[in-house]
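Given next are the chains, with one letter for each unit.
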Protein chains: 2
Amino acid sequence: MELYNGLINNLIEELASLPGIGVKSAQRLAFHIIGLPQSRVDHIANTMMKARAGVRYCSECCNLSDADTCPICSNGRRDHSTIMVVESPRDLAAYEKTGRYEGVYHVLHGAISPMLGIGPGDIRLKELMTRLEGDIQEVIIATNSSLEGETTAMYISKLVKPIGIKVTRIASGVPVGGDLENIDEVTLLRALEGRTEI
Amino acid sequence: MELYNGLINNLIEELASLPGIGVKSAQRLAFHIIGLPQSRVDHIANTMMKARAGVRYCSECCNLSDADTCPICSNGRRDHSTIMVVESPRDLAAYEKTGRYEGVYHVLHGAISPMLGIGPGDIRLKELMTRLEGDIQEVIIATNSSLEGETTAMYISKLVKPIGIKVTRIASGVPVGGDLENIDEVTLLRALEGRTEI
C-alpha cells in the first residue's frame, strides 16, 4: 500500500482493523469517505465517538444502552418475571426481531470457556443472581448451542434451580426449512432426543 | 431497530450508509466500536476526518494524495513519458500491484456516460491534455472494458492521435486461469479478434 501517502494509508489501515473488513473493502471505504463532503465525514466520526462515550450497560439486564435502563427493561408492558439469558446484545436482537417474546433479558457478555480462561466471574452472572432475588418465575437460558454456550447453560441451571426458580433451555433441533441431509449429526441426534408427540 | 437507544441506533445508521455495509454488518461494527477503548475510537474518528480534510488531487496525475504530487509522480525513477489513463484510484492501485508498470498514470475520476449525463467535461480530461503538451511518448488507455470505458477510450484516442502521440489500449480477452465455458460471448469474441501468432 505504498501507493498512497500517509493520510490515505492511515485511513485504510484503521478501517481494515475493524472486524469483517478486509484490505480491499477498507480501500473502497476509504475512497468513499474521502469523496464525501467534509461535514458528512465529521458527522460520522462524531457519531462514533459519541456512541462510544455515551453507551453503558443497562443497570438491570446489562444490555447496551445510553440511558440507565434499556428500552426493554423500562417497558412496563413486558413480563418482568421471565428472564431470557443470552450471551450478547446481538443474540438479544435476534430474539427481539421475532416480536413474540414478551419477557425481559439478561445479557452475559460472553460465555464460560475454560479453554479461553473465561470463568463464571468474567461474565455478568453476579448481576443475574442479584436480579433473581426479586419476583422471578422463570429463567430461559438461550446461550448458543456451542460447547461454551452449553457449559454456561449447565452452570446457570445448577445455580438457579436450588433457589426454586423454573429454569428452561431453548430447544435444539432441525432449523425450520432445513433439509435433513444437510444437517450435522449432532443436531439430528438432538432433534431425535427432543422429539415431541403430535 | 427499536431495540437500542438513540446513540447506538445513530451509529448503526451511519455505518449502514457506507457502501458494502448492510444493516447486519453495521450492527456488528457498532457493537465492536462500542467495545473498543474510547481512545481507539477517537483515533479512528480523527483519522477519518484528517484524511478527508488533507487529501486532494495530485497536481500531475489527479490521483488522490495528501501532498501536491503523489508518490508515483514524484518518483524520478518512473518513466514520465508513458501515461496510463485509468478511471479511478482503485484501478491505478490494481495495476500498481502488478509491480511491473514503470510509467506514470492519469486518473480520470469517472468515464464518459451519455446515459448518466457524464460528458467529457465532467472527468479529468482537460488535465490530461495539458500534460500531453510535455514530452510524452505513449498514452495507454486502461479504462474499464464497459460501455462507458470503451466510449471514453474512443474519445481520448480521437483527441490524442492528431497530436502525434502513440495511443494504445490494454488487451481484452480471456482472463488468465479463466475457464472458457464460464466466459461470456463478448469476451470470447474479443479474445478471438485480438489473437496473436505464437
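The structure displayed is predicted, hence computed values, not measured ones. (Residues numbered from 1 in each chain as written. Chains lettered and ligands numbered in written order. Predicted model: local features only at pLDDT ≥ 70, side-chain atom pairs only at ≥ 80, totals over all residues. Heavy atoms only, no water.)

**What about the overall build of chain A?**
Part 1 of the reasoning: Helix and strand content of chain A: seven helices and six strands.
Part 2 of the reasoning: Whereas a compact globule of 198 residues would reach a radius of gyration of roughly 16 Å, chain A reaches 22 Å, over 25% beyond that.
Part 3 of the reasoning: Projecting the C-alpha coordinates of chain A onto the three principal axes gives extents of approximately 65 × 45 × 35 Å.
Part 4 of the reasoning: By residue count, 42% of the 198 residues in chain A fall in the buried class.
Part 5 of the reasoning: Of the contacts made within chain A by residues no fewer than 6 positions apart, 47% connect residues no fewer than 24 positions apart.
Part 6 of the reasoning: For chain A, the accessible area works out to roughly 10900 Å², and carbon and sulfur atoms hold 53% of it. (Helix = DSSP H or I, 4+ residues; strand = E, 2+ residues; numbered from the N terminus. Rg over C-alpha atoms; globule rule 2.2 N^0.38 Å. Buried < 20%, exposed > 50% of the residue type's maximum accessible area, 1.4 Å probe, protein only. Contact = heavy atoms within 4.5 Å. Areas by Shrake-Rupley, 256 points an atom, 1.4 Å probe, with all protein chains shown as cover.)

**Observations regarding the interface of chain B and chain A**
Part 1 of the reasoning: Contact with chain B, which involves 53 residues of that partner, is made by 52 residues of chain A.
Part 2 of the reasoning: Here chain B meets chain A over a buried area of about 5100 Å², counting both sides, of which 71% is carbon and sulfur.
Part 3 of the reasoning: Remark: the boundary between chain B and chain A carries two salt bridges.
Part 4 of the reasoning: E14(B) serves as the salt-bridge partner of R40(A), at 3.2 Å between the closest nitrogen and oxygen.
Part 5 of the reasoning: Our enumeration of links across chain B and chain A arrives at 16 residue pairs in polar contact (both at pLDDT 80 or more).
Part 6 of the reasoning: Broken down by secondary-structure element, the contributors of at least two residues to the side of chain B that touches chain A are α1 (6-16), α2 (23-35), α3 (38-54), β2 (64-65) and α4 (89-98) of chain B.
Part 7 of the reasoning: With 15 residues, the single largest contributor to the side of chain B that touches chain A is α3(B).
Part 8 of the reasoning: Grouping the amino acids of the side of chain B that touches chain A by side-chain chemistry returns 28 nonpolar, 14 polar and 11 charged. (Buried area = accessible area lost by both parts, 1.4 Å probe. Salt bridge = Lys/Arg side-chain N within 4 Å of Asp/Glu carboxyl O. Polar contact = N/O pair within 3.5 Å; in protein donor to acceptor, adjacent residues only side chain to side chain. Nonpolar A, V, L, I, M, F, W, Y, C, P; charged D, E, K, R; others polar.)

**Description of the domain arrangement of chain A**
Part 1 of the reasoning: When cut into domains, chain A gives domain 1 (6-54) and domain 2 (76-171).
Part 2 of the reasoning: Computed over C-alpha atoms, the centres of domain 1 of chain A and domain 2 of chain A are 35 Å apart. (Domains from an automatic or database assignment.)

**As for the relation of the copies chain B and chain A**
Part 1 of the reasoning: Superposing chain B onto chain A requires a rotation of 180° together with a translation of 0.1 Å along the rotation axis, leaving an RMSD of 0.1 Å. With respect to symmetry, the two chain copies, as superposed, fit the operation of a two-fold axis. Among all residues of chain B, the minimum C-alpha distance to the rotation axis is found for A45(B), at 2.2 Å. (Least-squares fit on C-alpha atoms with pLDDT ≥ 70 in both.)

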